[in-house]
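Coordinate inspection notes
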Amino acid sequence: MTSQSLPLTQTVPQSVAQSAPRALPQALEAWRDWLTLFPPELTDAIGQMLLRLDPLVGRLKFASHRTNDEPVGIGNIVQRGNYDRLLMTEWLYAEAEPDEFIRRAASNELLFLGTEPDIRLRSQLCIALFDAGPMQLGEPRLAHIALFILLSRRAEEAGAHFKWGILQHPGVLHETQGREAMKALLNSKSLRNATTVELDSWDTLLKQQDKNTCDCWQISGTHTARLQRATSLITSHVDLFSDEQNRRLHLQLSQRSNQRDVILDLPAEDVAIRILREQFKRIDGLAHVRNAKNRPSLKQAPRFASKGYWLAVPQLDGNIIIYNVPQSVRAAPGKFRTIRQPTKGSILAAAAMGKNLAYISADGTDLSFHGFPSQHFSCKKVVVQRPEMKYFRAPTGGTRWLPAYFMEVRKNARSLARVIVQDIDQHLVCWESSLELPQAAGKPTSARPEPSEPHFKPIASNVIGSDFFGQRLLYAVSENGSTKIFRWHAHENAPLAVANISHAGQAIFFGNEISWTHVNNFEHGLLALQIGEHEWWIGTSKSYIKKSVPASVKVLGVTNRRQYGEDEFGLVVLSADRHSIQFIGQAKQIEIHRSAEPIAKISMDSVSSRLAWILQNTLDIKVRGLDEEALLLKVTADGVSV
């Protein structure tokens with residue numbers, strides 16, 4: 001018989017499982033060496049298939065013993081045997097009580113040393129032959145992976161040799177195990193079913209094996225004929241009566257006169273696709289970025305750019321690193337870039353805009369604008385006088401950046417740009433610059449117009465919170481025992497009051513952008529309003545709840561988590577011990593993430609529903625979505641500990 005061997009051992013030793021020891025349910029410990037080959041997020045789905053199919057496969061049976069087998073040792077104590085193996089205690093009866101000895105011999109009550117038979121005649125070879133034809137693609141391939149693991153482990157437990165092959169490739173048996181074997185199995189695809197000639201060829205080759213020592217399994221579809229020398233046949237097909245969300249696979253085992261059926265519940269579609277296409281690809285490894293210069297400042301939290309595509313992280317040396325955040329856990333992060341700190345003065349207000357940082361810096365009484373995506377504020381060095389403190393007050397020394405927003409619109413042959421900032425005294429202020437477009441009255445001109453000098457103007461006082469969705473600014477003003485919600489589109493000349501809540505607010509968080517897209521006048525989307533030291537008002541103008549939250553808990557934002565209920569909205573918070581990120585909903589409290597070390601700084605982006613945090617000890621930066629456990633980004637500086 002021809003043999004094709006790949007350079008791996010027959011069994012799966014501990015050295016094959018390269019990942020760190022992982023906690024597994026006790027029922028799955030028998031397959032630990034196999035399951036540790038897969039990413040943690042796939043272990044549960046594969047483990048459930050193993051548990052379901054394990055009783056179907058069973059243990060490897062031994063061959064019958066011949067009568068002339070030579071004993072190889074003493075196994076136990078029996079009541080029959082040669083008198084040269086009679087126990088010493090029985091000979092005492094023969095000397096002390098001859099009559100009792102004779103009686104015990106006649107009644108078969110004497111005890112002998114039992115021999116251990118030679119077990120070398122057990123099945124020493126297990127062969128698994130898989131159908132790689134078109135009828136076995138897709139869902140049946142999931143069963144192929146589970147059966148490959150079960151049969152290999154079964155042979156290992158019995159001390160037998162395991163080989164596998166493809167029905168469409170007669171005579172080619174592989175001895176590989178582990179990762180490379182399963183990759184080769186899934187890559188073995190054929191556009192045709194196994195022919196009669198190929199099956200006869202396998203039978204001819206299998207006849208060369210002793211039927212008492214060879215255990216052959218055929219895994220194929222119902223349309224494929226059975227090999228004459230196959231001791232076991234497993235056929236599979238998709239259950240046509242199962243719905244699309246709960247796909248099931250029907251398997252049937254035939255062994256001599258024995259026949260059993262099993263219905264296998266398949267994993268979720270996205271998990272099944274990963275098992276078949278990216279079975280050994282660790283998603284968490286894709287997100288890992290090593291940056292030896294990563295020394296994030298713990299004075300303020302990271303800041304997301306619009307839609308969560310980029311993350312700005314202030315550093316201890318005053319510089320800012322902009323990290324690219326992938327849009328999927330299956331994508332690797334792009335390159336990061338470093339933005340130097342201002343040569344003069346310090347940053348007062350900033351916002352991450354794409355892979356750039358737009359900010360306002362202060363140098364004495366002068367304010368300058370940097371990085372804003374408009375020629376109004378970037379075509380030349382724009383410097384203005386700092387407003388009086390009663391109108392605008394910022395933290396000293398650049399210890400904390402104020403939130404900044406940018407809006408630009410073209411209207412009536414005129415371009416208008418605004419930089420909006422919320423200060424620490426609850427003032428919302430704006431710097432506005434206009435520009436006449438190059439063409440006036442339909443006639444081109446060669447002169448390049450210059451934007452006007454930014455003009456400062458206060459917008460509102462008693463502002464308890466603000467956020468920016470696309471080209472729309474939302475903010476809230478608390479006065480006279482109520483809270484007014486304002487909306488300001490880029491094309492509007494002034495903010496517009498859109499809703500009123502009959503509670504005086506202390507702080508506010510705005511929810512996801514979708515909830516604010518189609519709201520009528522005097523209505524508002526999802527928000528969370530702090531109306532007392534421990535009490536929060538959460539919801540929309542149509543549905544709301546009140547929640548009591550301890551003051552020691554840090555509220556990060558508000559969101560709507562549909563997988564926990566159609567209208568399950570609530571708060572996202574950081575626990576008092578700073579080890580747990582939680583979702584406090586209408587009816588339940590759920591832990592989103594648990595950290596082994598304390599979280600020093602954390603922020604939430606309401607537009608993309610993403611979280612970014614910095615760990616206290618290692619200074620690692622982590623980013624993930626609210627609804628996905630896998631990290632989108634992890635930044636480490638190896639060897640750093642503070």
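See the structure shown above.
Let us look at the structure shown here. (Residues numbered from 1 in each chain as written. Predicted model: local features only at pLDDT ≥ 70, side-chain atom pairs only at ≥ 80, totals over all residues. Heavy atoms only, no water.)

Details of the overall build of the protein
- Of regular secondary structure, the protein possesses 10 helices and 37 strands.
- The buried share among the 642 residues of the protein stands at 49%.
- Counted over contacts in the protein with a minimum sequence separation of 6, partners at least 24 positions apart contribute 52%.
- Total accessible area on the protein stands at roughly 32,000 Å², and carbon and sulfur atoms take up 49% of it. (Helix = DSSP H or I, 4+ residues; strand = E, 2+ residues; numbered from the N terminus. Buried < 20%, exposed > 50% of the residue type's maximum accessible area, 1.4 Å probe, protein only. Contact = heavy atoms within 4.5 Å. Areas by Shrake-Rupley, 256 points an atom, 1.4 Å probe, with all protein chains shown as cover.)

Regarding the environment of Val-329
- Structurally, Val-329 can be placed in the loop between strand 12 (320–324) and strand 13 (337–339).
- For Val-329, a relative accessible area of 9% corresponds to the buried category.
- As for Val-329 and Arg-624, which are separated by 295 residues in sequence, their C-alpha atoms are 8.8 Å apart.

Quick look at the sheet that holds strand 7 (residues 248–255)
- Read from one edge of the open sheet, 6 strands run 4-3-5-6-7-8, paired in mixed fashion. In this open sheet, the two strands that pair with only one neighbour each are strand 4 (161–166) and strand 8 (258–265). The sheet shows a mean angle of 15° between the axes of neighbouring strands, taken without regard to direction.
- Relative to strand 6 (residues 232–238), strand 5 (residues 214–220) runs parallel, the two sharing 4 bridges. Bridged to Ser-220 within strand 6 is Thr-235. (Pairing = 2+ DSSP bridges. Axes fitted to C-alpha atoms, helices over the stretch in contact; angles between N-to-C directions.)

Structural notes on the state of the cysteines
- All told, the structure shown has 0 disulfides when counted by the stated rule.
- Cysteine Cys-216 shares no disulfide, and the gap to the nearest cysteine sulfur, in Cys-214, comes to 5.9 Å.
- Judged by relative accessible area, Cys-216 falls into the buried class, the value being 1%. (Disulfide = S-S within 2.5 Å.)

Observations regarding the nonpolar core
- The biggest cluster of nonpolar side chains holds 52 residues, and the ones touching the most others in it are Ile-46, Leu-53, Phe-148, Ile-149, Trp-164 and Met-182.
- Sequence-distant contacts of Trp-164, that is, excluding residues within four places in its chain, are made with Ala-128, Phe-130, Phe-148, Val-172, Leu-173, His-174, Thr-176, Ala-181, Ala-184 and Leu-185.
- In this structure, Leu-348, Ile-360, Val-382 and Phe-392 belong to the second largest nonpolar core, which totals 23 residues. (Core = buried A, V, L, I, M, F, W, Y, C linked by side-chain atoms within 4.5 Å.)

Side note on the pairing of strand 3 (residues 125–130)
- The buried fraction of strand 3 amounts to 6 of the 6 residues, a majority that puts the element mostly inside the structure.
- A two-sided burial pattern is seen for strand 3, the buried positions comprising Leu-125, Ile-127 and Leu-129 on one face and Cys-126, Ala-128 and Phe-130 on the other.
- Sheet analysis places strand 3 next to strand 4, joined by 6 bridges and oriented parallel. When the bridges of strand 4 are listed, Leu-125 appears paired with His-161.
- What joins strand 3 to strand 4 is helix 5 (residues 139–157), and the crossover it makes is right-handed. (Right-handed = clockwise from strand over helix to strand, strands pointing away.)

Some remarks on helix 8 (residues 269–277)
- Residues of helix 8 that are buried include every one of Ala-272, Arg-274 and Ile-275, and no others. One side of helix 8 carries all its buried residues, which in axial view fall inside an arc of 160°. What points out from helix 8, more than 90 degrees from its buried face, is the exposed set Glu-269 and Arg-277. (Arc of directions from axis to C-beta.)

Some remarks on the packing of helix 5 against helix 6 (residues 178–187)
- Their axes nearest at 11 Å, the elements helix 5 and helix 6 cross at an angle of 150°. In terms of orientation, helix 5 and helix 6 fall into the roughly antiparallel class. The handedness of the crossing between helix 5 and helix 6 comes out as right-handed. Taken together, the residues of helix 6 that come into contact with helix 5 (itself represented by Arg-141, His-144, Ile-145, Phe-148 and Ile-149) are Ala-181, Met-182, Leu-185, Leu-186 and Asn-187. (Parallel < 35°, antiparallel > 145°, perpendicular 65-115°, else oblique. Left-handed = near helix turned anticlockwise from the far one by under 90°.)

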